[in-house]
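Each chain, written out:
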Amino acid sequence: MIKLAETILNGLALGSVYALIALGFVVIFKASGVMNFAHGSLLLFGGYVVARLHDSIGFLPAVLVGAALAAALAGLVQLLATRGLRGAEIHTLTILTIGVDVLLNTELNRRVGADFLSMGDPWGAEVTRFAGITVADARIASTAVAVVVISVFFAAFRWSRWGLSMRAAAADPEAASLMGIRLDRVRLIAWCVAGALAALAAVFLAAFPAPGLDRTTSQIALSAFPAAILGGLDSAAGALLGSFVIGLTAAMAAGYQSELSALGSGLSDVAPYLVMVLVLLVRPNGLLGSKELTRV
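Residues numbered from 1 in each chain as written. Predicted model: local features only at pLDDT ≥ 70, side-chain atom pairs only at ≥ 80, totals over all residues. Heavy atoms only, no water.

Visitor: What am I meant to see in the overall build of the protein chain here?
Guide: Within the protein chain, the secondary structure is distributed over 12 helices and 2 strands. Taken from N to C terminus, the helices and strands of the protein chain fall in the order α-α-α-α-β-β-α-α-α-α-α-α-α-α. Against the 2.2 N^0.38 benchmark of 19 Å for 296 residues, the protein chain shows a C-alpha radius of gyration of 19 Å, consistent with a compact globule. If you line up the protein chain on its principal axes, its C-alpha atoms span 60 × 50 × 35 Å. Within the protein chain, buried positions represent 46% of all 296 residues. At a minimum sequence separation of 6, the contacts of the protein chain that also span at least 24 residues come to 76%. When the accessible surface of the protein chain is totalled, it reaches about 14500 Å², and 66% of it is carbon and sulfur. The average position of the 19 basic charges and that of the 17 acidic charges among the side chains of the protein chain differ by 9 Å. (Helix = DSSP H or I, 4+ residues; strand = E, 2+ residues; numbered from the N terminus. Rg over C-alpha atoms; globule rule 2.2 N^0.38 Å. Buried < 20%, exposed > 50% of the residue type's maximum accessible area, 1.4 Å probe, protein only. Contact = heavy atoms within 4.5 Å. Areas by Shrake-Rupley, 256 points an atom, 1.4 Å probe, with all protein chains shown as cover. Lys, Arg positive; Asp, Glu negative; His and termini not counted. Charge placed at Lys NZ, Arg CZ, Asp CG, Glu CD.)

Dropping the structure here:
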């Protein structure tokens, strides 16, 4: 029973980090219709900045600088890549983000090398024990921070002018443009927000019990991709729901790997995609995704 409780808590903590990444996928898709496959590179970039700066300026300032620089890099990608191909098909822009990801990952992998970089987080390897349950302090911190950040995101999405503009642009870009909404600005802000969220997620992906930030951290970020698809690419609430489903699935598969050994090793890496496929067979638009209506 204790093992099950620990696994669920770890799954919720992992899901909260996935939610930060999945919201980045969704907010870019809603604003510009592009699936950003360079998101993992933005995450690695933000984490790399934090790892390099925390010794000199402290952990919290390093996180803020890392988030700001990741947001700026995401905005630069949007300006130079997607806006530079104005009028191009959406699938062309999506493929372009794959090329951007290759370029960024190559340079970041060269800089990171084969080492594990410490994030300098104040939680270290500390754990909290209660009622026989042991939870890493980094997991508790990730859940608390994610709750605050996600709450602020949804509040801004619901009540701010940017959130209203983005919802209008997602519903009908042409009508929104005619109403005076500057679509380019809405998309730029969306990319910047996604970059900042990715950098924040990197801090917790590389924290204990992980050994630190390395070249594979950007690949771990892709585990949040099934969460965005599962919830529905056009639904921020769906991304949140999908993230917790995927987080719990991955934690359960890893926690009970020995009991599920008949299914092979590395089940925790495959399980999120298996759940995504099974759900999409029943609900092709995701759990909370809206159905596309076509007049015939």
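From this point, things continue past the structure.
Visitor: Would you mind going over the environment of Val65 with me for this structure?
Guide: By the secondary structure assignment, Val65 is in helix H3 (residues 59-82). With sequence-adjacent residues up to four places away left out, Val65 is seen in contact with Val49, Leu53 and Ile57.

Visitor: Would you explain a nonpolar patch on the surface in this entry?
Guide: On the surface, Val270, Leu274, Val277, Leu278, Leu281 and Val282 cluster together to form a nonpolar patch covering roughly 600 Å² of accessible area. Along the polypeptide, Leu278 turns up in helix H12 (residues 267-282). (Patch = residues over 30% accessible without salt bridge, like charges linked within 9 Å, V, L, I, M, F, W, Y side chains within 5 Å. Salt bridge = Lys/Arg side-chain N within 4 Å of Asp/Glu carboxyl O.)

Visitor: I tried to follow the packing of aromatic side chains on my own but got confused; where do I start?
Guide: Geometry of an aromatic ring pair is reported as the spacing of the ring centres plus the angle between the planes. Under the defined criterion, the tally for this structure stands at 6 aromatic pairs. Between Phe25 and Phe225, the aromatic rings sit 5.7 Å apart at their centres with planes inclined by 70°, giving edge-to-face as the arrangement. Of this pair, Phe25 sits in helix H1 (residues 2-32) while Phe225 sits in helix H10 (residues 224-231); the two residues are 200 residues apart in sequence, bridging distant segments of the chain. When its relative accessible area of 2% is taken as the criterion, Phe25 is described as buried. Aromatic pair Trp123 and Phe204: ring centres 5.7 Å apart, planes at 35°, arrangement tilted. Here Trp123, found in the loop between helix H4 (90-112) and strand E1 (127-130), pairs with Phe204, found in helix H8 (residues 183-205); they are 81 residues apart in sequence, far enough to count as distant. The class for Trp123 is partly exposed, based on a relative accessible area of 21%. One aromatic cluster in this structure is built from Phe25, Phe37 and Phe225. Sitting over the ring of Phe157, Arg167 keeps its end group 5.9 Å from the ring centre. (Phe/Tyr/Trp six-rings, centres within 6.5 Å; stacked < 30°, edge-to-face > 60°. Lys NZ or Arg CZ within 6 Å of the ring centre and 35° of its normal.)

Visitor: I would appreciate a short explanation of the packing of H1 against helix H6 (residues 161-171) in the present structure.
Guide: When two helices pack together, their arrangement is given by the angle between the helix axes and by the axis-to-axis distance. The interhelical angle for the contact between H1 and H6, taken along N-to-C directions, is 60°, at an axis separation of 7 Å. One way to sum up the angle between H1 and H6 is to call them oblique. Where H1 abuts H6, its residues Val27, Lys30 and Ala31 lie against Trp162, Met166 and Ala170. Across the contact of H1 with H6, the residue classes break down as 5 nonpolar, no polar and 1 charged. (Axes fitted to C-alpha atoms, helices over the stretch in contact; angles between N-to-C directions. Parallel < 35°, antiparallel > 145°, perpendicular 65-115°, else oblique. Nonpolar A, V, L, I, M, F, W, Y, C, P; charged D, E, K, R; others polar.)

Visitor: When you look at unusual backbone geometry in this model, what are you seeing that I'm missing?
Guide: Backbone geometry follows two general trends: most residues other than glycine have a negative phi, and most peptide bonds adopt the trans configuration. Of the consecutive residues Phe208 and Pro209, the connecting peptide bond is found in the cis state with omega at 10°. Here Pro209 shows up in the loop between H8 and helix H9 (217-221).

Visitor: Help me out: how do you make sense of the side chain of Lys30 in this one?
Guide: Its place among the elements puts Lys30 in helix H1. Excluding its chain neighbours within four sequence positions, the residues that come into contact with Lys30 are Phe157, Met166, Ala170, Leu233 and Asp234.

Visitor: Would you mind showing me how to read the confidence of the model for the protein chain here?
Guide: If pLDDT is low for a region, its predicted coordinates should not be looked at in detail. Per-chain confidence: the protein chain averages 84 in pLDDT, with 93% of residues scoring 70 or above. Summarising per-element confidence for the protein chain, the mean pLDDT is lowest in H9 (78) and highest in helix H2 (residues 39-57) (93). (pLDDT = per-residue confidence, 0-100.)

Visitor: Would you mind going over the pairing of strand E2 (residues 133-136) with me for this structure?
Guide: Strand residues, when the strand is regular, have side chains that alternate between the two faces of the sheet. Relative to E2, E1 is paired through 4 bridges, and the arrangement is antiparallel. If you follow Phe130 over to E2, its bridge partner there is Ile133. Hairpin connection of E1 to E2: 2 residues between the antiparallel strands, including Ala131 at a positive phi of 55°. (Pairing = 2+ DSSP bridges.)

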